[in-house]
Amino acid sequence: MLRWADAIEFPPLRYTPPPGKKLPPGKTVRIVALGDSIMNDLSNSGIDVLLERAYPGTRIEWINSVRGATGCPYYKDHVQEYVTDYRPDFVIIGGISHACDTGSIASVIEQIKVPILVLTGAIAPRAHCRKNIPDDRYANFPAELAQVAAKYRVGFLDLRAEWDRYLAE
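I will try to describe carefully the structure that is included in this document. (Residues numbered from 1 in each chain as written. Predicted model: local features only at pLDDT ≥ 70, side-chain atom pairs only at ≥ 80, totals over all residues. Heavy atoms only, no water.)

1. Here we look at unusual backbone geometry
Notably, Arg-87 is not glycine yet its phi reads approximately 50°, a positive angle. Along the chain, Arg-87 falls in the loop between α5 (79-82) and β3 (90-94). Phi at Arg-153 is positive, roughly 55°, even though this residue is not glycine. Along the chain, Arg-153 falls in the loop between α9 (141-152) and β5 (155-157). (Helix = DSSP H or I, 4+ residues; strand = E, 2+ residues; numbered from the N terminus.)

2. Observations concerning the environment of Ser-45
Inspection of the secondary structure puts Ser-45 in the loop between α2 (37-43) and α3 (47-54). The class of Ser-45 is buried, set by a relative accessible area of 10%. Side-chain polar atoms of Ser-45 contact the backbone oxygen of Leu-42, separated by 2.6 Å. Within the structure, Ser-45 has its side chain in polar contact with the backbone nitrogen of Ile-47 (distance 3.3 Å). (Buried < 20%, exposed > 50% of the residue type's maximum accessible area, 1.4 Å probe, protein only. Polar contact = N/O pair within 3.5 Å; in protein donor to acceptor, adjacent residues only side chain to side chain.)

3. Quick look at the sheet that holds strand β4 (residues 116-119)
Strands sit in the order β2-β1-β3-β4-β5 across an open sheet of five strands; the sheet is parallel. The open sheet is flanked by β2 (59-66) and β5, the only strands paired with a single partner. The mean inter-strand angle of the sheet, taken between neighbouring strand axes irrespective of direction, is 20°. As paired strands, β3 and β4 are joined by three bridges and run parallel to one another. Paired with Ile-93 across the two strands is Val-118, which belongs to β4. Contacting β1 (28-35) and β2, α3 runs over the sheet at an angle of about 150° to β2. (Pairing = 2+ DSSP bridges. Axes fitted to C-alpha atoms, helices over the stretch in contact; angles between N-to-C directions. Contact = heavy atoms within 4.5 Å.)

Interpretation in functional terms is not warranted from these geometric data alone.
What follows is the structure, given as structure tokens:
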């Protein structure tokens, strides 16, 4: 799997975790990836073996907890089933831009008692792309999600901005 992951040319990612929020070395870390098809893609990328290489001696137990085309408006009422029943050490919430509902995302964050990283979607919602016109609902979403992440002191990564930067370069 590591050889396969190395063969993929990932765009360079500019992200620094908040202080004290790095994976602990030399332990088994159970990570729950909560989201939709974007999290399916992340889960199939070999990220677990890349993290194990970045943190020698650490074993990553990656749990993909997804429901297609679903965001936190659904998950806020199903956190136990999709997150806490797995007893994670860390949670990544991503691919949740469909509804652009930061209130539901905040509700999910409030119910999870372990470190969290929140991701925006990598691309704008399909309707926005198809119409090729600004979608105010999505345009403000990354900034609003960053505010939620700051309020709850969880990690935040704007994948859309990273993807746009990569394409521009």
